Amino acid sequence: MALSDWTFTPGMGFEREFERLRRQMDDVFGRIGIGAGFPALNIYDQGEEMLVAVQAPGVKKEDINVELRENTLTISGSRKAPEYPDAGVLREESVYGAFKRSVRIPIKVRNDKVEATLKNGILLIRMPKSEEAKPKQIAINA
Amino acid sequence: MATQAEKQPRREAGKEADGTAENLVEMGSAFLPDAAIYETEDDLFISLDIPGVEKGAVQIDVDESNTLQMRARNGFEEPTGIVLREFSIGNYYRSFRLSDEFDKDAINAKLEDGLLELTVAKKEEVKPRRISINA
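**Q** Could you give me a rundown of the sheet that holds strand E4 (residues 53-62) of chain B, with the residues and numbers involved?
**A** All names here are of chain B. Read from one edge of the open sheet, three strands run E4-E5-E7, paired in antiparallel fashion. Edge strands, defined here as strands with exactly one partner in the open sheet, are E4 and strand E7 (92-97). Across this sheet, the average inter-strand angle for adjacent strands is 15°, counted without regard to direction. Of the pairings in the sheet, the one linking E4 to strand E5 (residues 67-74) comprises six bridges and is antiparallel in character. Looking at the pairing, Asp61 lines up with Gln69 of E5.

Quick look at the structure:
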């Protein structure tokens, strides 16, 4: 299982960092024979909460599992291939079968308050931050 | 989440609901969605991955040159504060050239969980016929 990590290092160039991670993941997924980086995910920091959006077209709610253990979020499940009896395959770009992705969230979140919804093939996971991880305004004293 | 199967004739796909498919023709740049295509003796099945698209935001047309065009408006509103991006959010467009053996008036579309499934029937005259042998 590939465990990706991400950082907020300012001035580091997030895209470049991401590319490096992507290559690492592709490498690992490639070796264990799983389609690289499926399903694709985005992570958002909304101040009060962290959001993870996962593209999972054609995946049923009952076929997805979301688990948060310590600070590692794992999304697993399977996407069924379409079933057309006696059909020949002309083209298959979509990824089918079992998937599993883990991402470490380097911010303390309220594990008991995590919510996930699936709408139109996009899974959205909301993770409210724990109090100490929320941004704080620091008053400047004279 | 949508669970109900929806079958509708060609050109109606974009016309239901609240008309969000209006002006999809002029929507500018769009992403090319992943597709899977299967064929049987009677039909062609095209499935397209269009996560974020609501029912009613898809438009399917077949023009005079038998080109099937699919346009879909992505209704997913991107949250602010991106810190890791593996996918971008945008509308979808894809086209397929159909050969003459397909009946462009016999296309069905179904959208569920961000997956669009099109069924294109072959014309009656090209379907294989089983001839029963009489004694």
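Having seen it, we continue.
**Q** For the nonpolar core, give the residues involved together with the corresponding values.
**A** Ranked by internal contacts, the top residues of the largest apolar core, which has 24 residues, are Ile50, Val58, Leu68, Met70 and Leu116 of chain B. For this core, the elements supplying multiple residues, two or more each, are strand E2 (35-39), strand E3 (43-49), E4, E5, E7, strand E8 (102-112) and strand E9 (115-122) of chain B. For this core, the element with the highest residue contribution is E4 of chain B, accounting for five residues. What Leu68 of chain B contacts, discounting residues up to four positions off in sequence, is Ile60, Asp61, Val62, Arg94, Ser95, Phe96, Leu98, Ile107, Leu118 and Val120 of chain B. Membership of the second largest hydrophobic core comes to 23 residues, among which are Leu41, Ile43, Val52 and Leu68 of chain A.

**Q** Any details on the interface of chain B and chain A? Residues and values, ideally.
**A** Each side of the interface is counted separately: chain B has 37 residues, and chain A has 46 residues. Here chain B and chain A share an interface that buries about 3600 Å² over both sides, 55% of which is from carbon and sulfur atoms. In this structure, the connection of chain B to chain A is made through six salt bridges. Residue Glu54 of chain B is joined to Lys119 of chain A by a salt bridge in which the shortest nitrogen-to-oxygen separation is 3.3 Å. For the pair chain B and chain A, the number of links is 24 residue pairs in polar contact (both at pLDDT 80 or more).

**Q** I'd like a rundown of the pairing of strand E4 (residues 64-69) of chain A, residues and numbers included.
**A** Every other side chain in a regular strand lies on the same face of the sheet, so the side chains alternate between the two faces. Residues and elements named next belong to chain A. Relative to strand E5 (residues 72-79), E4 runs antiparallel, the two sharing six bridges. Looking across to E5, one finds that Asn65 is bridged to Ser76. Between the end of E4 and the start of E5, which pair antiparallel, lie two residues, with Glu70 showing a positive phi angle near 50°.

**Q** Could you give an account of unusual backbone geometry, naming the residues involved and the relevant values?
**A** With the exception of glycine, most residues fall at negative phi, and the peptide bonds are largely trans. Even without glycine at this site, Asn120 of chain A takes up a positive phi of about 50°. A positive phi angle, close to 65°, is found at Asn66 of chain B, a residue other than glycine. Relative to the helices and strands, Asn66 of chain B resides in the loop between E4 and E5.

**Q** Summarise the side chain of Asp49 of chain B; cite the residues concerned and give the values.
**A** Tracing the chain through its elements places Asp49 of chain B in strand E3. Within the structure, Asp49 of chain B has its side chain in polar contact with the side chain of Arg79 of chain A (distance 2.8 Å). Beyond its immediate chain neighbours, meaning those up to four positions away, Asp49 of chain B contacts Pro57, Arg79 and Ser94 of chain A together with Pro33, Asp34, Tyr92, Gly114 and Leu115 of chain B.

**Q** Give me the environment of Val54 of chain A: which residues, what numbers.
**A** The topology assignment puts Val54 of chain A in strand E3 (residues 49-55). The class of Val54 of chain A is buried, set by a relative accessible area of 1%. Put simply, Val54 of chain A and Ile140 of chain A are 86 residues apart on the chain and 40 Å apart in space, counted from C-alpha to C-alpha. Apart from the residues lying within four places of it in its own chain, the contact partners of Val54 of chain A are Pro39, Ala40, Leu41, Ile75, Gly121, Ile122, Leu123 and Ile125 of chain A together with Phe87 of chain B.

**Q** An account of the packing of aromatic side chains is requested, with residue identities and associated values reported.
**A** Counted by the stated rule, this structure contains three aromatic pairs over all chains. Measuring from ring centre to ring centre gives 5.6 Å for Phe38 of chain A and Phe99 of chain A, while their planes differ by 80°; the resulting arrangement is edge-to-face. Highlighted residues: Phe38 of chain A in the loop between helix H1 (14-32) and strand E2 (41-45) and Phe99 of chain A in strand E7 (residues 97-104), separated in sequence by 61 residues. For the pair shown, Phe38 of chain A and Phe99 of chain A are each scored as buried. Ring centres of Tyr84 of chain A and Tyr38 of chain B lie 5.5 Å apart, and the angle between their planes is 50°; this geometry places the pair in the tilted category. In this pair, Tyr84 of chain A is assigned in the loop between E5 and strand E6 (88-92) and Tyr38 of chain B in strand E2, connecting two distinct chains.

**Q** So what's going on with the pairing of E5 of chain B? Residues and values would help.
**A** Residue and element names in this part refer to chain B. Counted residue by residue, E5 has seven buried out of eight residues, so it is predominantly covered. Alignment of E5 against E7, held across six bridges, turns out to be antiparallel. Residue pairing for E7: Leu68 is matched across the bridge by Phe96.

**Q** I'd like to hear about the sheet that holds E2 of chain A, residue by residue, with values.
**A** One open sheet accounts for five strands, arranged E8(A)-E9(A)-E3(A)-E2(A)-E6(B); its pairing is antiparallel. The open sheet has two edge strands, strand E8 (115-119) of chain A together with strand E6 (82-84) of chain B, and neither has a second partner. This sheet shows a mean twist of 25° between the axes of neighbouring strands, independent of strand direction. Where E8 of chain A lies against strand E9 (residues 122-128) of chain A, five bridges are found, and the strand directions are antiparallel. What sits directly across from Glu115 of chain A, in E9 of chain A, is Arg126 of chain A.

Definitions and cut-offs
Residues numbered from 1 in each chain as written. Chains lettered and ligands numbered in written order. Predicted model: local features only at pLDDT ≥ 70, side-chain atom pairs only at ≥ 80, totals over all residues. Heavy atoms only, no water. Pairing = 2+ DSSP bridges. Helix = DSSP H or I, 4+ residues; strand = E, 2+ residues; numbered from the N terminus. Axes fitted to C-alpha atoms, helices over the stretch in contact; angles between N-to-C directions. Core = buried A, V, L, I, M, F, W, Y, C linked by side-chain atoms within 4.5 Å. Buried < 20%, exposed > 50% of the residue type's maximum accessible area, 1.4 Å probe, protein only. Contact = heavy atoms within 4.5 Å. Buried area = accessible area lost by both parts, 1.4 Å probe. Salt bridge = Lys/Arg side-chain N within 4 Å of Asp/Glu carboxyl O. Polar contact = N/O pair within 3.5 Å; in protein donor to acceptor, adjacent residues only side chain to side chain. Phe/Tyr/Trp six-rings, centres within 6.5 Å; stacked < 30°, edge-to-face > 60°.

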